[in-house]
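Breakdown of the fold
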Amino acid sequence: MKICIVGAGVIGLSTGLCIKNLLPAARLTIIADTFNPDTTSDVAGGVWEPHFVTYPDKQELSKWQKTTFNYIFDLSVRPNAHEYGAFMCPSLILESDKVEKPDWSDIVVGFNILSKDEIKRRTGVEYETGWTFNTLVLEGSKYLPYLTNELRKQGVNFEKRKLNSLEELTNYDVIVHCTGYGARKLVGDDNVVGYSGQVIKVDALHMKYFITSPTAYVIPRSDGLIMGGTLIEGDESRIPDEQHTKMIYEDCCKLLPQLHGCKILKVLKGIRPYRKNGVRLEKEVKIIGSKKLNIVHNYGHGGNGVTLHWGCALRAASLVKEFQQENL
Ligand SMILES: Cc1cc2nc3c(=O)[nH]c(=O)nc-3n(C[C@H](O)[C@H](O)[C@H](O)COP(=O)(O)OP(=O)(O)OC[C@H]3O[C@@H](n4cnc5c(N)ncnc54)[C@H](O)[C@@H]3O)c2cc1C
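Remember, it's a predicted structure, so these values are computed and weren't measured experimentally.

**Focus: the sheet that holds strand β14 (residues 280–288)**
- Pairing is mixed in the open sheet, where 6 strands are placed in the order β6-β2-β1-β7-β15-β14. Every other strand in the sheet has two partners, leaving β6 (157–160) and β14 as the edge strands with one partner each. Strand after strand, the sheet turns through a mean of 20° between neighbouring axes, direction not considered.
- In the sheet, strand β1 (residues 2–6) pairs with strand β2 (residues 27–32) via 5 bridges, with the strands oriented parallel. Residue pairing for β2: Lys 2 is matched across the bridge by Arg 27.

**A word on the nonpolar core**
- Residues Ile 3, Val 176, Val 218, Met 227, Ala 316 and Val 320 are the most contacted members of the largest nonpolar core, which totals 80 residues.
- Sort the elements by how many residues they give to this core and helix α9 (residues 305–327) lands first, with 10 residues.
- Look past the residues within four positions of Val 218 in its chain and what remains in contact with it is Met 207, Ile 211, Leu 225, Ile 226, Met 227, Cys 252 and Leu 256.
- The next biggest cluster of nonpolar side chains, apart from the first, holds 7 residues, and it includes Leu 94, Trp 104, Trp 131 and Phe 133.

**Quick notes on the UniProt feature "domain: FAD dependent oxidoreductase" (unreviewed entry) in the protein chain**
- Using the residue numbers shown here, the UniProt feature "domain: FAD dependent oxidoreductase" (unreviewed entry) corresponds to residues 2–318.
- Between the end C-alpha atoms of residues 2–318 the distance is 16 Å, and the span holds 30% helix and 32% strand.

**What about the environment of Pro 50?**
- Mapped onto the fold, Pro 50 is located in the loop between α2 (40–43) and α3 (58–76).
- Residues Pro 50 and Thr 307, 257 residues apart in the sequence, show an inter-C-alpha distance of 6.4 Å.
- When near neighbours in sequence (up to four residues on either side) are disregarded, Pro 50 contacts Gln 65, Trp 104, Asn 304 and Thr 307.

Conventions used here
Residues numbered from 1 in each chain as written. Predicted model: local features only at pLDDT ≥ 70, side-chain atom pairs only at ≥ 80, totals over all residues. Pairing = 2+ DSSP bridges. Helix = DSSP H or I, 4+ residues; strand = E, 2+ residues; numbered from the N terminus. Axes fitted to C-alpha atoms, helices over the stretch in contact; angles between N-to-C directions. Core = buried A, V, L, I, M, F, W, Y, C linked by C-beta atoms within 7 Å. Buried ≥ 20, exposed ≤ 12 C-beta atoms within 10 Å, placed from the backbone. Contact = placed C-beta atoms within 7 Å. UniProt positions renumbered as here; feature names shortened; annotations may be inferred.

Right, here's the structure in full:
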């Protein structure tokens, strides 16, 4: 069976690994116009935290979230967890409005709702909502190379090229489509809307908490700290904006004054692939003249690509297997 995955972000690479686990004999090629370290997945904060996530089937969504949490947790407790960039992280979420307890509160560890007094005592500022819990972080700069190496070891081919249409791939038995924001053009899906995100990496190694407020957030890294960030609808540019860099730095220092003076190491920008009706994870058959394209779509994860990736990758691999069984 000849399979082609289009896209080499966290979704394409993890789907590749799940397909190889399920169908070891499959001949797999991954085509993409950008690879690690130049994809949006490399920019991701990498925190497991559902964020503006929509999907019509709530049970299925919860399954993908839980499966992914458990999978990252398993990576984080292995002796070589640092090679995957997976670790457990104490977290604090602050909101100006009163927000109901999220439906994912039973997936993370030790979810606790803070009283307004407790929030004021801890932060010195008044917020309506405050939650503490432990969640997981997966660093793209380590996890994506790990996935790539695993796939190479299993004989997967990598090809760097930009596609204008999936119809260029008629010589494959199944195409697995994982192009994130690229799907808007590649398959003409107008429901995909890009929300750009800029973050900066600083040398504050001592900060080991994920903290997010209405104006700023910080996420620890093994080699620094991510300060974020912007969320701009419809912005397609991946070139960082200097004014935004300044604003992010100032807002994070307002949230955590101990960050004043830390050095900027890197500025990163990516495009979150939101999709109005939620992730597209389904099979499609297209007839092109005398040829048939068997497609599995797996795109549109918005700001939740890391949070959902493993659950979605397992499902996408099972859809590939369904195509194989139908053709037998
Ligand atoms: C600032 C920021 C912070 C974030 N923080 C988090 C977080 O903490 N937690 C979380 O869960 N998510 C987070 N996200 C969201 C996360 O980054 C995305 O959901 C995820 O990266 C999407 O992965 P993907 O593989 O679908 O897309 P991408 O990483 O964009 O990969 C798409 C791939 O498709 C290829 N491609 C596209 N079009 C074509 C074409 N025409 N031909 C060939 N190849 C093509 C690209 O080259 C690339 O290889 C964040 C995003 C941003 C920007």
